[in-house]
Amino acid sequence: MKKLPHDNVWTRLMPSKISGVGVFAIRDISANTNLFEDDDVKMVTLQKPEIDAMDLETKKLYDDFCVIRGDKYICPQNFNDITVGWFINHSTNNPNVRCDKNLVFHSARDIKAGEELTLDYSTYSEK
C-alpha cells in the first residue's frame with residue numbers, strides 16, 4: 001500500500017490561545033504515541049562560545065529555537081528544517097506531551113482531537 005503524506009501525522013499548526021502558534025491534535029491520540037515518528041531532521045550541537053560570538057538577532061534565533069543543556073545548543077542542522085514539533089507551547093500545569101532524553105516527543109496521556117499539545121520545557125531544556 002502506498003504511504004501517503006498524512007500517514008503518521010497526528011497534529012497541525014493553528015493559532016494558539018497560549019502563545020502565537022500552537023500544535024493541535026487533528027485526531028484522537030492514544031497515550032505513549034510517538035507524535036512525530038517520521039521526523040528525521042538531522043540535529044547538530046553547538047557550544048555556547050560559538051553562539052555568544054554571533055550578532056544579536058542570530059543569537060536570539062538560537063536562544064528561541066535550540067534545546068539548551070549546559071553549554072550545548074542542540075538544533076536542526078538548518079533552521080529551515082524546523083518541523084511542527086518545535087511549535088509545541090509550554091505548560092507547567094498539565095502538559096499532555098513528554099520528551100525523552102533523545103528529544104522524541106510522546107503523548108503523556110490520551111489527547112482529544114482539537115486539543116492543543118503542551119509540554120514542560122524544563123524537562124528537556126535549561127532555557
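Scroll up for the structure.
A quick note: this is a predicted structure, and the numbers were derived from the prediction, not measured.

1. A word on unusual backbone geometry
For step 1, the next point in the chain: Here the phi dihedral of Asn-8 falls at roughly 60°; this positive angle occurs in a residue that is not glycine.
For step 2, the next point in the chain: On the secondary structure map, Asn-8 appears in the segment before strand 1 (11-15).
For step 3, the next point in the chain: One non-glycine residue, Leu-103, lies in the positive phi region at around 65°.
For step 4, the next point in the chain: Secondary-structure assignment places Leu-103 in the loop between strand 7 (97-99) and strand 8 (105-107).
For step 5, the next point in the chain: With relative accessibility at 23%, the residue Leu-103 sits in the partly exposed group.

2. Overview of the side chain of Asn-89
For step 1, the next point in the chain: Tracing the backbone through its elements, the reader meets Asn-89 in strand 6 (residues 89-90).
For step 2, the next point in the chain: If we ignore the near neighbours within four places in the chain, the residues touching Asn-89 are Ser-16, Ile-18, Ser-19, Val-21, Gly-22, Glu-116, Leu-117, Thr-118, Leu-119 and Tyr-121.

Scoring rules and cut-offs
- Residues numbered from 1 in each chain as written.
- Predicted model: local features only at pLDDT ≥ 70, side-chain atom pairs only at ≥ 80, totals over all residues.
- Heavy atoms only, no water.
- Helix = DSSP H or I, 4+ residues; strand = E, 2+ residues; numbered from the N terminus.
- Buried < 20%, exposed > 50% of the residue type's maximum accessible area, 1.4 Å probe, protein only.
- Contact = heavy atoms within 4.5 Å.

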